[in-house]
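Next come the chains, spelled out residue by residue.
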Amino acid sequence: MKTRFHHIHIDQPHANGDTWDKIFNLWYKAEKWGCVKRHYNHKFPNIRGVTTCEIQKDDETLSVGYAFCSSADQFSRKKGRAIAEGRAWSNLIMEEGGQ
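Everything in this summary refers to the structure shown in the same document. What you are looking at is a predicted structure, and each value in this text was computed from that prediction instead of being measured.

Quick word on the pairing of strand β3 (residues 60-70)
One face of the sheet, then the other: side chains in a regular strand alternate in exactly this way.
Part 1 of the argument: Both strand β2 (residues 47-57) and β3 contribute to a ladder of 10 bridges, which runs antiparallel. Of the residues in β3, the one forming a bridge with V50 is F68.
Part 2 of the argument: Hairpin connection between β2 and β3: a loop of 2 residues separates the two successive antiparallel strands, and D58 in this loop has a positive phi of roughly 55 degrees.

Some remarks on the sheet that holds β3
Part 1 of the argument: With antiparallel pairing, 3 strands are arranged side by side in an open sheet as β1-β2-β3. Where the open sheet ends on each side, the last strands, each with one partner, are β1 (2-9) and β3. Each strand of the sheet is rotated relative to its neighbour by a mean of 15 degrees, with strand direction disregarded.
Part 2 of the argument: Of the strands in this sheet, β1, β2 and β3 are in contact with helix α1 (residues 17-32), which crosses β2 at around 60 degrees.

Focus on unusual backbone geometry
Part 1 of the argument: A positive phi angle is found at D58, which is not glycine, with a value near 55 degrees.
Part 2 of the argument: Mapping D58 onto the fold places it in the loop between β2 and β3.
Part 3 of the argument: Positive phi outside glycine occurs at D59, with the angle close to 65 degrees.
Part 4 of the argument: For D59, the position within the fold is in the loop between β2 and β3.

Remarks on the nonpolar core
Part 1 of the argument: Within the largest apolar cluster, 9 residues are counted, these being I8, I23, L26, W27, A30, I47, V50, Y66 and F68.
Part 2 of the argument: Among the secondary structure elements, those contributing two or more residues to this core are α1, β2 and β3.
Part 3 of the argument: When residues of this core are assigned to their parent elements, the largest contribution, 4 residues, is made by α1.
Part 4 of the argument: With residues up to four places along the chain from it excluded, the contact list for I8 reads T19, K22, I23, L26, G49, V50 and F75.
Part 5 of the argument: Within the second largest apolar cluster, 6 residues are counted, among which are I55, A67, A84 and L92.

Some thoughts on the layout of surface pockets
Part 1 of the argument: Roughly 210 Å³ of internal volume is contained in the second largest pocket.
Part 2 of the argument: In this structure, the second largest pocket is lined by T51, A67, F68, C69, D73, Q74, F75, S76, K79, G80, I83 and R87.
Part 3 of the argument: Breaking the lining of the second largest pocket down by element, the ones donating at least two residues are β3 and α2 (77-98).
Part 4 of the argument: Within the lining of the second largest pocket, the residues separate by chemical class into 5 nonpolar, 4 polar and 3 charged.

Reading the values: rules and limits
- Residues numbered from 1 in each chain as written.
- Predicted model: local features only at pLDDT ≥ 70, side-chain atom pairs only at ≥ 80, totals over all residues.
- Heavy atoms only, no water.
- Pairing = 2+ DSSP bridges.
- Helix = DSSP H or I, 4+ residues; strand = E, 2+ residues; numbered from the N terminus.
- Axes fitted to C-alpha atoms, helices over the stretch in contact; angles between N-to-C directions.
- Contact = heavy atoms within 4.5 Å.
- Core = buried A, V, L, I, M, F, W, Y, C linked by side-chain atoms within 4.5 Å.
- Buried < 20%, exposed > 50% of the residue type's maximum accessible area, 1.4 Å probe, protein only.
- 1 Å grid on protein atoms, 1.4 Å probe; cavity = no way out; pocket = protein on both sides within 12 Å on 5 of 7 lines; lining within 4 Å.
- Points joined across faces, edges and corners; volume = space filled by probe spheres on them.
- Nonpolar A, V, L, I, M, F, W, Y, C, P; charged D, E, K, R; others polar.

Shown next as structure tokens:
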């Protein structure tokens, strides 16, 4: 098995409207899968960036973990990788335990 990471944050020099679209899409995807929950009555929290971790085997994605960075936080790839990878492994263990 191998892990793949993807980072998106609004402070990137090439960030534009597509960057926000990607973050929104990842948020809603994570919400649909039960990986995140809405805060209070807000549909979308104030997010600065996101790191995703995919656990793959033979080019098939087995599990995905997300780490969203609040606008109050400093975006950190290292911290995002650790959180997203932990969540991906946790999701994989829960999926295997449920089968």
